[in-house]
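Summary of the model geometry
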Amino acid sequence: MKTAVEELSPTRVKLTVEVPFEELETSMQAAYKKVAQQVRVPGFRPGKVPARIIEQRFGRAVVLEETLNDALPKLYGKAVDESDVFPVSQPEIEVTRIDDGEEVEFTAEVDVRPAFDVPAYEGLEVTVPSSEVSDEDVEAQIEALRQRFATLTGVERPAANGDYVVMDLAATIDGKNIEEQQAADVSYEVGAGSVLQGLDDALVGMAAGDEKTFTTTLVGGENAGEEADVTIKVKNVKEKVLPELDDEFAGLASEFDTLEELRGSIREQARRNKLVDQVVQARENALTALLDKIDIPLPDSALNAELDARKHNLEHQIGESGLSREAFFRLYQTTEEERFAEFEENSRKAIKTGFVLDKIVKQEDLGVSEQELTNFVVRRAAQLGVAPNTLAQHLADNDQLTLAMVEIVRDKAKTVIGDAAKVTDEAGNEVDLKAIYAELNAEQEGAPAAAEAAE
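Identification of the chain as Trigger factor from Sphaerisporangium album is taken from an unreviewed UniProt entry. The heading Function (unreviewed entry) in the UniProt record of the chain holds the text "Involved in protein export. Acts as a chaperone by maintaining the newly synthesized protein in an open conformation. Functions as a peptidyl-prolyl cis-trans isomerase." Regarding the chain, the relevant UniProt record gives this comment under Subcellular location (unreviewed entry): "Cytoplasm".

Structure follows, in structure tokens:
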């Protein structure tokens with residue numbers, strides 16, 4: 001088999017493949033068997049029709065078509081491997097010549113990863129946040145813990161922002177009740193930012209037993225987008241009471257006996273988190289700095305596929321939310337146009353990032369061990385809340401193990417770039433990533449440990 005590669009553009013090639021007929025022998029025998037199973041010839045059992053009878057009765061063209069249907073995908077894959085191109089789309093294949101018994105020629109046009117060089121990434125200068133833990137950092141964690149252990153106490157006063165109310169809601173349009181917009185005993189934090197515009201303003205100042213009607217635009221259901229009168233009836237008002245900061249609270253909220261011990265533990269965990277963040281940011285910032293040095297043309301098919309996937313996910317999110325499109329985008333304080341522009345930018349970056357990381361994977365000869373794949377599955381299963389064996393089976397059944405391995409080696413390529421960078425914090429202090437690895441993983445050493453820490 002001979003393959004010639006013609007560059008149609010920086011992101012598209014045309015493969016012209018010449019195949020001697022003897023290389024089609026296996027596919028041709030399979031074709032005869034398949035045709036024999038499909039045809040009915042008097043005097044022969046199904047599947048037992050001889051090849052010459054098939055050709056006499058139905059023509060050799062039928063067999064050749066079936067042969068090429070079986071052979072071309074395999075021959076295309078072989079041609080790709082031998083030509084050192086990296087397809088990113090489905091090929092457009094055309095049989096251009098059949099010399100029966102001698103040779104077959106076909107062409108395949110396909111979008112490919114463009115050729116480019118990765119500049120040196122040793123010594124890239126990047127900045128990461130400081131790992132210093134301030135008293136404010138600790139107190140913010142303490143306050144978050146207090147919020148978790150807060151209690152709600154009923155009050156005999158009008159509601160204010162931060163209070164919780166229990167209320168009934170009803171909506172009418174032109175005086176007609178909208179059944180799906182009726183709700184009883186709804187618990188809500190005043191000022192939380194409801195998608196139902198006007199609700200928070202209406203609730204402030206209302207006390208138990210009060211009733212109020214305001215006009216708003218409905219955001220979900222069959223009447224989404226229509227203007228309606230919403231009536232609120234407040235049943236009770238409760239305020240959030242935070243526990244006192246003392247040793248008793250420390251014992252309630254943690255395994256520590258004193259508040260000072262709790263603060264010390266929070267400070268140490270905060271420092272660990274900041275060290276992990278330094279590792280992650282060093283890798284991300286080094287990769288961004290490297291990407292800024294490279295200009296890569298992107299295949300339209302890859303970009304369109306990435307954009308379509310993101311838009312499909314967005315439509316799914318909107319559908320699952322039960323909100324109108326307008327309410328959904330208002331909830332996330334953006335517009336459809338802004339979100340699509342963000343998709344465009346992020347899609348371009350994602351494709352470019354994949355191309356660069358894949359190139360580094362090849363340059364650095366990075367691979368995936370069985371243990372690394374196992375660790376990946378265990379971590380991802382924990383994140384998803386499923387059993388590792390269940391996730392492993394799902395990946396295998398859906399041909400996603402290869403994608404998992406791609407993700408692993410790309411992460412390893414990120415580590416290579418980050419480790420090669422010159423890292424300083426925002427105060428100008430040098431950051432030694434290897435020292436961080438050693439501290440975060442005292443039982444291990446080097447980059448593999450860092451990869452675990454930064455997951």
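Anyway, onward from the coordinates.
A look at the overall build of the chain
Scanning the chain from terminus to terminus reveals 15 helices and twelve strands. Relative to a compact globule of 455 residues, whose C-alpha radius of gyration would be 23 Å, the chain shows 32 Å and is clearly more extended. The contacts in the chain between residues at least 6 apart in sequence include a share of 68% that link residues at least 24 apart. A total of about 26,100 Å² of accessible surface is found on the chain, and carbon and sulfur atoms cover 46% of it.

Digging into the UniProt feature "domain: PPIase FKBP-type" (unreviewed entry) in the chain
In the UniProt entry, the feature "domain: PPIase FKBP-type" (unreviewed entry) is given for residues 162-215. What you have in residues 162-215 is 9% helix and 44% strand, and the ends, taken at the C-alpha atoms, are 23 Å apart.

Comments concerning a negative patch on the surface
Residues Asp174, Glu226, Glu227 and Asp229 make up a contiguous surface patch of negative charge. Considering the arrangement of structural elements, one finds glutamate 227 in strand β11 (residues 227-241).

Overview of the domain arrangement of the chain
Per the domain assignment, the segments making up the chain are domain 1 (2-111), domain 2 (151-241) and domain 3 (256-445). The gap between the C-alpha centroids of domain 2 and domain 3 is 40 Å. Every contact between the two is made by six residues of domain 2 and, on the other side, six residues of domain 3. Where domain 2 abuts domain 3, roughly 480 Å² becomes buried across the two surfaces, and 59% of that area is made up of carbon and sulfur atoms. Looking at the side of domain 2 facing domain 3, the largest losses of area belong to Val195, Gln197 and Val219, adding up to 74% of the total buried there. Here domain 2 is connected to domain 3 by two residue pairs in polar contact (both at pLDDT 80 or more).

So, the packing of helix α8 (residues 300-321) against helix α10 (residues 336-363)
Between α8 and α10, the shortest axis-to-axis distance is 9 Å and the interhelical angle comes to 135°. Judged by the inter-axis angle, α8 sits oblique to α10. Crossing of α8 against α10: the hand is right-handed. Residues Ala302, Leu303, Glu306, Leu307, Arg310, Lys311 and Leu314 of α8 lie in contact with α10, whose contacting residues are Arg339, Phe340, Phe343, Glu344, Asn346, Ser347, Arg348, Ala350 and Ile351.

Details of the pattern of salt bridges
Summed over all chains, the structure comprises 27 salt bridges. Residues glutamate 315 and arginine 325 are paired through a salt bridge, measuring 2.9 Å at the closest nitrogen-oxygen approach. Linking glutamate 315 in helix α8 with arginine 325 in helix α9 (residues 325-331), this pair joins segments that are ten residues apart in sequence. Classification of arginine 325 as partly exposed rests on a relative accessible area of 27%. With a shortest N-O distance of 2.7 Å, arginine 380 and glutamate 407 are connected by a salt bridge. Of the two residues, arginine 380 sits in helix α11 (residues 370-384) while glutamate 407 sits in helix α13 (residues 401-420), which places them 27 residues apart along the sequence. The class of arginine 380 is partly exposed, set by a relative accessible area of 25%.

Concerning the nonpolar core
Residues Tyr121, Leu290, Val356, Ile360, Ile417, Val423 and Leu433 are the most contacted members of the largest nonpolar core, which totals 45 residues. Considering each element in turn, this core owes the most residues, eight residues, to helix α7 (residues 259-291). Once residues lying within four places of it in the same chain are set aside, the contact partners of leucine 433 are Val279, Ala282, Gly418, Asp419 and Val423. If you look at the next biggest cluster of nonpolar residues, it comprises 23 residues, including Phe21, Val85, Ala108 and Val112.

Observations concerning the environment of lysine 176
Checked against the element boundaries, lysine 176 lands in strand β8 (residues 176-177). The spacing of lysine 176 and alanine 228 is 52 residues in sequence and 9.6 Å in space, taken between C-alpha atoms.

Let's talk about the packing of aromatic side chains
Inspection of every chain in the model, using the stated rule, returns four aromatic pairs. With centroids separated by 4.9 Å and ring planes inclined at 50°, the aromatic side chains of phenylalanine 328 and tyrosine 332 adopt a geometry described as tilted. Of the residues examined, phenylalanine 328 reaches a relative accessible area of 2% and is grouped as buried. Here the aromatic residues Phe328, Phe329 and Tyr332 are joined through ring pairs into a cluster of three or more. One residue, lysine 311, lies across the ring of phenylalanine 340, its end atom 4.8 Å from the ring centre. Note that lysine 359 overlies the ring of phenylalanine 116, its terminal NZ or CZ placed 4.9 Å from the centroid.

Structural notes on unusual backbone geometry
The backbone phi angle of aspartate 185 is positive, close to 55°, even though this residue is not glycine. Along the polypeptide, aspartate 185 turns up in strand β9 (residues 183-189). Take aspartate 185: its relative accessible area is 48%, and that puts it in the partly exposed class.

Describing the layout of surface pockets
Empty space within the largest pocket amounts to approximately 740 Å³. Considering the residues around the largest pocket, the lining is formed by 19 residues, among which Gly354, Asp358, Leu403, Val406 and Arg410 are closest to the centre. Elements with a minimum of two residues in the lining of the largest pocket: α10 and α13.

A few points about the side chain of threonine 172
In this structure, threonine 172 sits in strand β7 (residues 164-173). A relative accessible area of 18% means that threonine 172 is categorised as buried. When residues no more than four places from it in sequence are discounted, the contact partners of threonine 172 are Asn177, Ile178, Ala228 and Asp229.

So, how was this worked out
Residues numbered from 1 in each chain as written. Predicted model: local features only at pLDDT ≥ 70, side-chain atom pairs only at ≥ 80, totals over all residues. Heavy atoms only, no water. UniProt positions renumbered as here; feature names shortened; annotations may be inferred. Helix = DSSP H or I, 4+ residues; strand = E, 2+ residues; numbered from the N terminus. Rg over C-alpha atoms; globule rule 2.2 N^0.38 Å. Contact = heavy atoms within 4.5 Å. Areas by Shrake-Rupley, 256 points an atom, 1.4 Å probe, with all protein chains shown as cover. Patch = residues over 30% accessible without salt bridge, like charges linked within 9 Å, V, L, I, M, F, W, Y side chains within 5 Å. Salt bridge = Lys/Arg side-chain N within 4 Å of Asp/Glu carboxyl O. Lys, Arg positive; Asp, Glu negative; His and termini not counted. Charge placed at Lys NZ, Arg CZ, Asp CG, Glu CD. Domains from an automatic or database assignment. Buried area = accessible area lost by both parts, 1.4 Å probe. Polar contact = N/O pair within 3.5 Å; in protein donor to acceptor, adjacent residues only side chain to side chain. Axes fitted to C-alpha atoms, helices over the stretch in contact; angles between N-to-C directions. Parallel < 35°, antiparallel > 145°, perpendicular 65-115°, else oblique. Left-handed = near helix turned anticlockwise from the far one by under 90°. Buried < 20%, exposed > 50% of the residue type's maximum accessible area, 1.4 Å probe, protein only. Core = buried A, V, L, I, M, F, W, Y, C linked by side-chain atoms within 4.5 Å. Phe/Tyr/Trp six-rings, centres within 6.5 Å; stacked < 30°, edge-to-face > 60°. Lys NZ or Arg CZ within 6 Å of the ring centre and 35° of its normal. 1 Å grid on protein atoms, 1.4 Å probe; cavity = no way out; pocket = protein on both sides within 12 Å on 5 of 7 lines; lining within 4 Å. Points joined across faces, edges and corners; volume = space filled by probe spheres on them.

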